[in-house]
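Descriptive analysis of the structure
The lines below spell out each chain.
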Amino acid sequence: TDAVVASELSDNRQVHDPLCPRYLLARNDNAGQHELVLTLRGTSSLSDMMSDLLGEVVPFAGGWAHRGFVEAAHRLLKQVEKALATELERMASDAEASQACTQPRLVLTGHSLGA
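Now for a description of the structure that goes with this document. Numbers given for residues are sequential positions, taken from 1 along each chain in its written order. Per-residue local features are limited, in this predicted model, to residues with pLDDT of at least 70; the limit for side-chain atom pairs, both in listing and counting, is 80 or more; totals at the level of whole chains, interfaces and linings are taken over all residues. To get the side-chain values, take all heavy atoms of the structure and skip hydrogens and water.

1. Regarding the overall build of the protein chain
Counted only if it meets this: The helix and strand labels rest on DSSP assignments: H or I over at least four residues marks a helix, E over at least two residues marks a strand, and numbering proceeds from the N terminus. With a 1.4 Å probe rolled over the protein chains alone, any residue whose accessible area is under 20% of its type maximum counts as buried; one over 50% counts as exposed, and the rest are partly exposed. We call two residues contacting when some pair of their heavy atoms lies within 4.5 Å. Residue-level accessible areas treat just the shown protein chains as cover; the underlying method is Shrake-Rupley with a 1.4 Å probe.
A tally of regular secondary structure across the protein chain gives two helices and six strands. Helices and strands in the protein chain line up, N terminus first, as β-β-β-α-β-β-α-β. Taking all 115 residues of the protein chain together, the buried fraction comes to 31%. Counted over contacts in the protein chain with a minimum sequence separation of 6, partners at least 24 positions apart contribute 54%. Just so you have it, the protein chain exposes about 7000 Å², and 58% of that area is on carbon and sulfur atoms.

In structure tokens:
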């Protein structure tokens, strides 16, 4: 079944970590897709702009990346890691039980700061 697994889209509710990107984590089980979709909101608030301004280049995943984006990604991972793991495990188990041909997949999407 489709469902919102976790979300934090409100700037007002994100006071515990204002530099963490706003996000929506949803499950898509329609037509045997078995997808977990993590959507990141783009730059919209003062705290988002602060992440944008941390423009120094830092090493990341064998290359280079924008420091603000890397820090935002680490903050986001702390918030969604448990839900991601739980849902991906559940979806893999459901796919195996139903003998589905497709494995669960994680879809990442966003724009601006969320890209």
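2. Here's the deal with the pattern of salt bridges
To be explicit about the condition: Salt bridges are defined by distance alone: a side-chain nitrogen of Lys or Arg within 4 Å of a carboxyl oxygen of Asp or Glu.
Evaluation of the coordinates by the stated rule reveals five salt bridges. The partner of glutamate 87 in a salt bridge is arginine 27, and the shortest N-O contact between them spans 2.7 Å. Note that glutamate 87 is positioned in helix α2 (residues 67-97) and arginine 27 in strand β2 (residues 23-28), a separation of 60 residues in sequence. Residue classification places arginine 27 among the buried positions, given a relative accessible area of 14%. For the salt bridge of arginine 90 with glutamate 87, the shortest nitrogen-to-oxygen distance reads 3.2 Å.

3. Some points on the environment of valine 5
With respect to the helices and strands, the residue valine 5 is situated in strand β1 (residues 3-8). Since its relative accessible area comes to 26%, valine 5 is described here as partly exposed. Each C-alpha atom, one on valine 5 and one on leucine 24, is 7.9 Å from the other, the two residues being 19 residues apart in sequence. Once you skip the residues sitting within four places of it in the chain, valine 5 turns out to touch Leu25, Ala26, Arg27, Leu36, Ala83 and Glu87.

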